[in-house]
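Analysis of the macromolecular model
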Amino acid sequence: MAAVGVKVNLPTPLDATSEPPPLFDGTTRLYISYTCPFAQRVWITRNFKGLQDEIKLVPLNLGNRPAWYKEKVYPENKVPALEHNGKVIGESLDLIKYVDSNFGGPSLLPDDPAKREFSEELIAYTDTFNKTVFTSFKGDTVKEAGPAFDHLENALHKFDDGPFFLGQFSLVDIAFIPFVERFQIFLSEVFKYDITAGRPKLAKWIEEINKIDAYKQTKTDPRELVEFYKARFLARL
């Protein structure tokens, strides 16, 4: 499941000892962490649109991040952030739309007005989805997380012209998959809960997304993820 073979060829994350790149020199840079699901959204978008040469990946070590990042690049000191045309933009849901609208490559939103409306509705739901599942880790996990995954299952029934939320692969799938990826791993490993059981559309959606190279290159290491989530969410249980 890990993208270890791919990550060997990716840039080494910059840390507190690293010099900054030549900032605002006309190069478009995407600042990410390889383990951050929010950054992963924009990384997938970049890859799918074939912008690997146009948008340079700059990974950061969030545990030992360079001071120049907050001082000179992004005062919020978070990832993702995009350095483009002399300015820096943040927030992953805004960024995936920005990259889709302002760069070449295949469009990740359909022209169909009904699909566009549904895309806004689903993207607006992502924060609620994430909060519901994260909160469930400290409660009756299966009972509390179940409705969130049911919501995705039901949404996947809306359009029947493909296995994705809008039929074809879109920003909606990109908004959800980094978190679904992590939740599936963690819930299975720690709570023995299969999020795809009784949810055939969700199972098919995950299967189809895992065929997309632009996504496969960005997947997190499941062992590291489980240990990180255990320490973060279960340490006090």
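Right above here is the structure, for reference.
Everything numeric in this text was worked out from a predicted model, so none of it was measured. (Residues numbered from 1 in each chain as written. Predicted model: local features only at pLDDT ≥ 70, side-chain atom pairs only at ≥ 80, totals over all residues. Heavy atoms only, no water.)

**Some details on the packing of helix 6 (residues 141-155) against helix 8 (residues 200-209)**
Relative placement of two packed helices is described by the angle separating their axes and the distance separating the axes. Packing of helix 6 against helix 8 brings their axes to within 8 Å, and their N-to-C directions diverge by 80 degrees. The angle between helix 6 and helix 8 places the two elements in the roughly perpendicular class. On the side of helix 6, the interface is formed by Phe 149, Leu 152 and Glu 153, while helix 8 contributes Pro 200, Lys 201 and Leu 202. Its residues assigned to classes, the contact of helix 6 with helix 8 shows 4 nonpolar, no polar and 2 charged. (Axes fitted to C-alpha atoms, helices over the stretch in contact; angles between N-to-C directions. Helix = DSSP H or I, 4+ residues; strand = E, 2+ residues; numbered from the N terminus. Parallel < 35°, antiparallel > 145°, perpendicular 65-115°, else oblique. Contact = heavy atoms within 4.5 Å. Nonpolar A, V, L, I, M, F, W, Y, C, P; charged D, E, K, R; others polar.)

**Details of the packing of aromatic side chains**
All chains considered together, the criterion is met by 27 aromatic pairs. Note on Phe 137 and Tyr 229: the rings are 6.1 Å apart at their centroids and 50 degrees apart in plane angle, and the pair reads as tilted. Taken together, the residues span a long stretch of sequence, with Phe 137 in the loop between helix 5 (113-136) and helix 6 and Tyr 229 in helix 10 (residues 222-234) at a distance of 92 residues. Using a relative accessible area of 1% as the deciding quantity, one classes Phe 137 as buried. In this structure Tyr 229 comes out as buried when scored by relative accessible area, which is 3%. Ring geometry for Phe 164 against Phe 169: centres 5.5 Å apart, planes inclined by 75 degrees, an arrangement best described as edge-to-face. For Phe 164, a relative accessible area of 9% puts it in the buried group. Assessed through its relative accessible area of 10%, Phe 169 is described here as buried. Geometry around Phe 159 places Lys 115 over its ring, the cationic atom sitting 5.2 Å from the centre. The ring of Phe 118 is capped by Lys 158, whose NZ or CZ atom sits 5.2 Å from the centre of that ring. (Phe/Tyr/Trp six-rings, centres within 6.5 Å; stacked < 30°, edge-to-face > 60°. Buried < 20%, exposed > 50% of the residue type's maximum accessible area, 1.4 Å probe, protein only. Lys NZ or Arg CZ within 6 Å of the ring centre and 35° of its normal.)

**Quick look at the environment of His 151**
Note on placement: His 151 falls in helix 6. Judged by relative accessible area, which is 32%, His 151 ranks as partly exposed. Note: C-alpha distance between His 151 and Leu 122 (29 residues apart in sequence) is 9.7 Å. Beyond its immediate sequence surroundings of up to four residues, His 151 is in contact with Leu 122 and Tyr 125.

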